[in-house]
Structure formats: structure tokens, C-alpha cells
Amino acid sequence: MRLEYFQLIDRIVDLNVGEGTITVEAEVPRHNTIFEGHFPGYPIMPGVLLIEAMAQSAGWLLIAMTKFERMAFLASVKEGKMRSFVNPGDLLTIDVRCLHEGSGYAVTEAKIRVKGELRSNATISFGVIPFPNPELRGHMDAMARRIGFPLQAATP
Amino acid sequence: MSSTFDQVATIIAETCDIPRDTITPESHAIDDLGIDSLDFLDIAFAIDKAFGIKLPLEKWTQEVNDGKATTEQYFVLKNLCARIDELVAAKSAGA
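Because the structure is a prediction, the values reported are computed rather than measured.

All names here are of chain A. With respect to the element layout, Gly104 can be found in the loop between strand 4 (91–101) and strand 5 (105–114). By relative accessible area, which is 16% here, Gly104 ends up buried. As for Gly104 and Ala72, which are separated by 32 residues in sequence, their C-alpha atoms are 9.3 Å apart.

Put into C-alpha cells, the structure is as follows:
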């Protein structure tokens, strides 16, 4: 997890395009300036960043399901729940399931667990549109290699 | 048609918190009911699920943007319901 670059996930550990599921891992850094403010003397991972981590995980699933031809943009978050604290150093396991792939949009269900315990979950929807420019597509290609995106899973 | 309309009207009423009795077959989802594109995604999701179809929103949007269709053709509810019935029939024929 590189919070300063808004890279919330570290690696894809499982991806099943046919089933519409993905499992991602992300390690919360032990030290980061975010924790100086959230909160002084009591550092916890901000809930909005947990939502973002789930959204990024779901985004990779949708990129795979669209064979790396489309980008997912966050549209709505429903039933977002922060069930208990996530602390510096925690290893997050994020599971996402695609509930529905519509025309130009998708609905997903995401869960964050730490050591098997559910810490956060949400139903997250996206607009799913063709990559708006080659620069973003190139960036996502590079990111895919960094997080171990199985490119063969997205081969047409 | 009436059954489809009843289901769609109920979905719209529940999704967008619009009084059910203000929704008629002549209502334009955008112009009359004030449904924006984000709320319409929720409606599309509910319709897709309820009818087992995939509303071709991207195709419709493209046609409107290209001037090949009007929003009335897809977003006046009686017309939307007719499109849904066509999609359901096409799905049944292909099954």
C-alpha cells in the first residue's frame, strides 16, 4: 500500500473472470503521515481509504472482465460499513464479487478481512467505459504488472 | 405492458423515493420525474435483475447523442416498457 500515490492494494492473489471474483491483499503501512492526523496518539486506517481499497480491488476485477478494454470509475457506495478498526501494519484481504455487469456499469460487493475477521464491506457501483486516453491505459498496464495482474486472464 | 409498467413504476418509486401515483406511462423519466443518470443506473440494475435482461444503455445513449433517436423513445416509461418487453421476448426466443 502506497498511500502517498493512492495505491491502496499490493497484489492480486486470485482472479476468476468466469465467476466474477477477485481476491487482493494490501498491507497497511506501519508509519504514514495520515496516522499523525487520524488520529493523534490513536492511529487507525481511515474508513474512506478502506472504501477506496475495496473500489480499487473491484476496479481490477472489472478491468479483467472487460478484457482490459475498459476502466471502472466509482459511481456509488451503498451499505458501506466500518465494522471494526483497521490498524497500521494490518494485512488486508479484500474479496470482491461482481453482482451485475450491465451496459456501461457494474455493481460489486466487496469485503475486507484481517486475519479472517470482517472489518469492512460495501456494495459499490461503477461506470465502466472505454479507457479515455492511452496515457491512463499505459499507467494501468504498468500497475497491472506491479500488482501481479494475470494478463492471461484478460486475453480476449 | 401493464404488468411491465407496474413493475417499472414500483422500481422507480422505491429507488428514487418518488410517489408511486405520480408515475404514469406518459412520464419522461428524466424530464418529468427528474431522475438523473446516476439514479437511472440504480433503476437499470433493478430492471436488469427483475426481468433478467441487460438494458442497452450505452447503445441508447449513443443513439441519442448521434441524433439517431430521441430521449422520448427510451425514457418515456411506456416506451421504456415496450423496449423491456422486446428484450424479454428476444431473450425467450433465444433461450
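What follows picks up the thread again.
Residues and elements named next belong to chain A. Tracing the sequence through the fold places Thr66 in the loop between helix 2 (47–65) and strand 3 (70–82). On the accessibility criterion, Thr66 (12% relative accessible area) is buried. In this structure Thr66 touches Glu101 and Val128, once residues within four positions along its chain are discounted.

Quick look at the environment of Ser120(A) now. Residues and elements named next belong to chain A. On the secondary structure map, Ser120 appears in strand 6 (residues 117–130). Between the C-alpha atom of Ser120 and that of Glu25, which follows or precedes it by 95 residues, the distance is 14 Å. Those residues in contact with Ser120, other than ones at most four positions away along the chain, are Leu50, Met54, Lys81, Met82, Arg83, Ala110, Lys111 and Ile112. Within polar-contact distance, the side chain of Ser120 engages the backbone oxygen of Lys81 at 2.9 Å.

A few words now on the packing of aromatic side chains. By the definition in use, this model includes seven aromatic pairs over all chains. Between Phe68(A) and Phe149(A), the aromatic rings sit 5.3 Å apart at their centres with planes inclined by 90°, giving edge-to-face as the arrangement. Of the two residues, Phe68(A) sits in the loop between helix 2 and strand 3 while Phe149(A) sits in the segment after helix 3 (134–146), which places them 81 residues apart along the sequence. The residues Phe68(A) and Phe149(A) share a single accessibility class, namely buried. An aromatic cluster is present here, built from Trp60(A), Phe68(A), Phe131(A) and Phe149(A) joined pairwise through their rings. The residue whose ring lies beneath Lys49(B) is Phe45(B), and the NZ or CZ to ring-centre distance is 4.6 Å.

Facing the 12 residues of chain B at the interface are 11 residues of chain A. Here chain B meets chain A over a buried area of about 970 Å², counting both sides, of which 57% is carbon and sulfur. When the buried area of chain B at its contact with chain A is split by residue, Phe45(B), Lys54(B) and Glu58(B) rank highest and sum to 50% of it. Where chain B meets chain A, there are two salt bridges. In this structure, the salt-bridge partner of Lys78(A) is Asp42(B), at a minimum N-O distance of 2.8 Å. Viewed at the interface, chain A and chain B are joined by nine residue pairs in polar contact (both at pLDDT 80 or more). For the side of chain B that touches chain A, the leading source of residues is helix 2 (residues 37–51) of chain B, giving six residues.

Within this structure, the stated rule accounts for 13 salt bridges over all chains. Its salt-bridge partner being Arg113(A), residue Asp95(A) comes within 3.1 Å of it at the nearest N-O pair. Placement of Asp95(A) in strand 4 and of Arg113(A) in strand 5 is noted, with a sequence separation of 18 residues between them. Taking the relative accessible area as the measure of exposure, Asp95(A) reaches 25% and is therefore partly exposed. According to the relative accessible area criterion, Arg113(A) is partly exposed, its value standing at 26%. The salt bridge partner of Arg20(B) is Asp6(B), with a shortest N-O separation of 3.3 Å. With a gap of 14 residues between them, Arg20(B) in the loop between helix 1 (2–16) and helix 2 and Asp6(B) in helix 1 connect regions that are remote in the sequence.

Cut-offs used in this document
- Residues numbered from 1 in each chain as written.
- Chains lettered and ligands numbered in written order.
- Predicted model: local features only at pLDDT ≥ 70, side-chain atom pairs only at ≥ 80, totals over all residues.
- Heavy atoms only, no water.
- Helix = DSSP H or I, 4+ residues; strand = E, 2+ residues; numbered from the N terminus.
- Buried < 20%, exposed > 50% of the residue type's maximum accessible area, 1.4 Å probe, protein only.
- Contact = heavy atoms within 4.5 Å.
- Polar contact = N/O pair within 3.5 Å; in protein donor to acceptor, adjacent residues only side chain to side chain.
- Phe/Tyr/Trp six-rings, centres within 6.5 Å; stacked < 30°, edge-to-face > 60°.
- Lys NZ or Arg CZ within 6 Å of the ring centre and 35° of its normal.
- Buried area = accessible area lost by both parts, 1.4 Å probe.
- Salt bridge = Lys/Arg side-chain N within 4 Å of Asp/Glu carboxyl O.

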